[in-house]
Amino acid sequence: MEYTKEQSRIAYRDSGHIITDATAGSGKTTTIIYALKRARKIGIAPARTLVITSTESALARLLNDPYFKSPDIQPTTFERIALSIVDQFEGVGLLESSVRLSDHGVAPYIRDAIDAAALANGSARRSEEFTIDHTYVSSLMEQFSQFKNNMAMSDLARQEDDPDEVDKLSTVAPAVQLIFTEYESLRQRANVRTREDMLYDLVRKLEEAPESMQEIAGRYALILVDEFHDISEAQLRLLKALAGGGARVVVLGDADQCINTALGADPTVMQYRFAEGYAGSHRMPLTETFRFGPHLAGMINALLRRREGGAGKLCISRQRRKTDIDLRYYQDDCAAHVADDLLKWEASGNPIGDAAILVREFAHSIAIESKLIEKKIPYEVLGGAPFFERTEVLSLRGLLHLALDNLDSVSDVKVRRKIAQALLLFPSLGLDEGQVKDGADAVASDPQLMSGYAEHAFRMATKDAGGNVEQWKKIKFEAMTGTRDFLRENAQALDAGSLLEQAVERLHIYREIKTLYVRPEKIYSGCLTVSEFIRFAKRTGLSAADFLKLIREFEMGMAAKSNFKQTEFVKLTTIHYAKGHQWEHVIIPNLERGMLPQKGQDTDNERRILYVAMSRARSRLTLYAPEDEHLHNWISHRTASSAVDRRASSFLFDIDYRKAKTDGDADLKALGGPIYFGPVELKVPYAESGEAGRLGAKFNGRRKVWYVPAGERLEPFEKWH
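Note that the coordinates shown come from a computational prediction; the quantities given were computed from them, not determined experimentally.

What about the overall build of the chain?
Tallying secondary structure elements over the chain gives 29 helices and 19 strands in all. Here the C-alpha atoms of the chain give a radius of gyration of 28 Å, agreeing with the 27 Å that 2.2 N^0.38 yields for 721 residues. With the principal axes as the frame, the chain shows a C-alpha extent of 80 × 65 × 60 Å. Restricting to contacts in the chain with at least 6 residues of sequence separation, those with at least 24 account for 77%.

Considerations on helix H18 (residues 433-445)
In this model, H18 (13 residues) spans 18 Å end to end at C-alpha, consistent with the 18 Å of a helix rising 1.5 Å per residue. For H18, the full list of buried residues reads Gln435, Val436, Gly439, Ala440, Val443 and Ala444. Each buried residue of H18 sits inside an arc of 160° when the element is viewed along its axis, so together they form one side.

A word on unusual backbone geometry
In this chain, leucine 596 is followed by proline 597 through a cis amide linkage whose omega measures 5°. Residue position: proline 597 is located in the loop between strand S15 (583-588) and helix H26 (603-614). In this structure, lysine 376 is a non-glycine residue whose phi angle is positive, near 60°. Position of lysine 376 among the secondary structure elements: in the loop between helix H15 (366-374) and strand S13 (379-381). Accessibility expressed as a relative area gives 68% for lysine 376, which makes it exposed.

What to know about the pattern of salt bridges
Counting across every chain of the model gives 54 salt bridges. We note a salt bridge from lysine 476 to glutamate 512, for which the minimum N-O separation is 2.6 Å. Taken together, the residues lysine 476 in helix H20 (residues 471-490) and glutamate 512 in helix H22 (residues 509-516) connect sequence positions 36 residues apart. In this structure, lysine 476 and glutamate 512 share a single accessibility class: buried. Each of the salt bridges in this network shares a partner with another, and the network as a whole consists of Asp87, Glu90, Arg100, Lys148, Glu184, Arg187, Arg193, Asp197 and Asp201.

Quick word on the pairing of strand S6 (residues 222-226)
The side chains of a regular strand alternate, residue by residue, between the two faces of the sheet. The element S6 is largely enclosed, with a buried count of five among its five residues. Pairing analysis gives five bridges linking strand S2 (residues 49-53) to S6, with the strands arranged parallel. Across the sheet, residue threonine 49 finds its bridge partner in S6, namely leucine 222. With four bridges connecting them, S6 and strand S7 (residues 248-253) associate as parallel partners. Bridge assignment links leucine 224 to a residue of S7, and that residue is valine 250. Tracing the backbone out of S6, into helix H11 (residues 233-243) and back to the parallel element S7 gives a crossover that is right-handed.

Observations concerning the nonpolar core
Ranked by internal contacts, the top residues of the largest apolar core, which has 143 residues, are Ile223, Phe228, Leu238, Leu342, Ile357 and Phe533. Setting aside residues up to four positions removed in sequence, isoleucine 357 forms contacts with Val338, Leu342, Ile368, Leu372, Val570, Lys571, Leu572, Thr573, Ile587 and Pro589. Core analysis: the second largest hydrophobic core is formed by 41 residues, Ile259, Leu304, Ala617 and Ala625 among them.

Some thoughts on H22
Because an α-helix packs 3.6 residues into every turn, residues spaced three or four apart end up facing the same way. Among the residues of H22, Ile509, Glu512, Ile513 and Leu516 are the ones counted as buried. Each buried residue of H22 sits inside an arc of 100° when the element is viewed along its axis, so together they form one side. Residues of H22 that are buried make contact with helix H6 (134-150), helix H16 (391-404), helix H17 (413-425), H20, helix H21 (496-507) and helix H23 (520-540). Positioned one or two residues after H22, valine 518 has a phi angle of 65°, which is positive.

Considerations on the sheet that holds S6
Spatially, six strands are ordered S3-S2-S6-S7-S1-S8 in an open sheet, and the strand pairing comes out parallel. Edge positions in the open sheet fall to strand S3 (76-77) and strand S8 (282-283), since each of these has one partner strand only. Summarising the sheet, strand S1 (residues 18-21) and S8 pair through two bridges and their orientation is parallel. Following the sheet pairing, isoleucine 18 is matched in S8 by histidine 282. Across the face of the sheet, helix H3 (residues 56-63) comes into contact with S2, S3 and S6 while running at roughly 125° to S2.

Topic: the packing of aromatic side chains
Per the stated rule, a full pass over the model turns up 19 aromatic pairs. Note on phenylalanine 144 and phenylalanine 147: the rings are 6.3 Å apart at their centroids and 20° apart in plane angle, and the pair reads as stacked. Separated by three residues within a single helix, phenylalanine 144 and phenylalanine 147 lie in helix H6, roughly one turn from each other. For phenylalanine 144, a relative accessible area of 3% puts it in the buried group. The class of phenylalanine 147 is buried, set by a relative accessible area of 1%. Among the aromatic residues, those joined into a cluster by ring pairs are Phe387, Phe388, Phe533, Phe536, Phe547 and Phe554. Positioned over the ring face of tyrosine 517 is lysine 522, at 5.1 Å from the centre of the ring.

Conventions we followed
Residues numbered from 1 in each chain as written. Predicted model: local features only at pLDDT ≥ 70, side-chain atom pairs only at ≥ 80, totals over all residues. Heavy atoms only, no water. Helix = DSSP H or I, 4+ residues; strand = E, 2+ residues; numbered from the N terminus. Rg over C-alpha atoms; globule rule 2.2 N^0.38 Å. Contact = heavy atoms within 4.5 Å. Expected span 1.5 Å × (residues − 1). Buried < 20%, exposed > 50% of the residue type's maximum accessible area, 1.4 Å probe, protein only. Arc of directions from axis to C-beta. Salt bridge = Lys/Arg side-chain N within 4 Å of Asp/Glu carboxyl O. Pairing = 2+ DSSP bridges. Right-handed = clockwise from strand over helix to strand, strands pointing away. Core = buried A, V, L, I, M, F, W, Y, C linked by side-chain atoms within 4.5 Å. Axes fitted to C-alpha atoms, helices over the stretch in contact; angles between N-to-C directions. Phe/Tyr/Trp six-rings, centres within 6.5 Å; stacked < 30°, edge-to-face > 60°. Lys NZ or Arg CZ within 6 Å of the ring centre and 35° of its normal.

See the structure below:
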């Protein structure tokens, strides 16, 4: 194994803390392993060494390396080590023994907290802010997790006059904060803990009783932290406690990949907070990428140079790989261009499974998925569900079935149940999880009950109210029955899109989402999913019956795909989920103003999101932007224009495309030119397929042929070439 000079400098730095700001694909895992080998050479025992990371997905990537097959050093996560310390603290009486709860077991405590908060607020659960609706309870669980990751509520309780702590909660409704306070009080009185409470309760204990730190101080001489850019506030505080007693701390991350801010990650931790908390720390970069070629490295430098503090970021590629970069334009239908270009990619000998489509939000995938299905391009959604299985879309499908009174046309009982369940969620009558399940089961078993769904939901929601039914439930019930009548009266006269548009307005679905989803990013995504599905329906121009038939055909096509022995699928996922992955061909659609950067979001965070997407590519990066004369002028003449008139993403105006190409060509030539430009097909006898696979060849399931992936050396495969 050859190490770069930067990797060697980090591994051989035997004193002081180190913060390593790495670029994408720069070999952080390799550097960690090198540092571990060096530590063993200078006498640091494996038992005194800790390798830790923030998430289970990052841990899985570490454990994939053969080095960690040895039991000497087993990487872990902050959550896992918190669990072991909580067990220890409970054993010695530093924490009270607790009952461990699953996520499902939390729901009753949250419902009780809603009741308590409503009484404290004088509402007696007569307003929507204090509903025990299943969706609302689930959303509160997610918001409470964020509170615990960023320690905001805990800090605010101790520092009520601290403007920084108040600012962390500026987007959270006061009712949600009150419910959290009541929930924590109930949880602590009952002595129960969830998986996420382990870290939160441990950090609070360490801060409230500093003497308890002696139980864990001095365990480690060396702590190595991977994916440090994803660390939350609670994890950062636990790291400080683990390092007590003299441990050297080496953290590796990429501040420009800090995009999980909703989960508590904060780019300032890498930018300056680590250095402030660990005196005498050394900043040592990893600038050389092993993933892509000089052309893409140059574009990434240009993109990041425009962010705040961007002058210090550098991405260098010495790979003899030509990463092609295409900027494609579309008038209105980006999805059609994406599908056609994928077919061309495959026709030129590239495996379809080596391509990935990365969207800013899953809501942006609706038109793309429909076009992939139309063109018979197999795809799989990573980290989510196909668009027609998403809760908001299932609810809208339910409204169309309600208009036609034809839920029995859906033969699959499981799908009927999902549709019925989604319809009971929007609009919300405050049904709990059990009521939603019972109602959905009944409709799935007997679709004729669908026509009376509003009455059935209202009876469930008011069965214990006697004559004291909340006014907001009466109003919603009237809206539900009125909308049902409207849909049935106009099912033949209006197209599916117009029907849905009217129904969503009558039922105030967007307001429902804003009430039930709690977290701003989920509210945005939910509302966008509804609007994009309606837009898709309107573009088809189909009647309700024909549109439902089309969606059912999509559904059946995906079901057939899952039953077919298909090995090659285009990957479709969000940029956030794509972190930690890489593909030969990365496609980024819809680089439009308002979509990326997303309207109303922090520009630097949006820039980091685009960087993460671009840096997933190895051989080809394709960017899709709307036709924009201002962008054409920028590329051809470097002529600036008013941002107000631009259609394309503002980030596309940060890059000098001609310079990126010229510099990339020159850098690649200086390296000796590319090894080759694309995948090379091999003639591998069946008996030798195992050997080819072990050497790194891949099998294209659609073309039934072995091939060497783009950018890999041909020498090991010469006998089959």
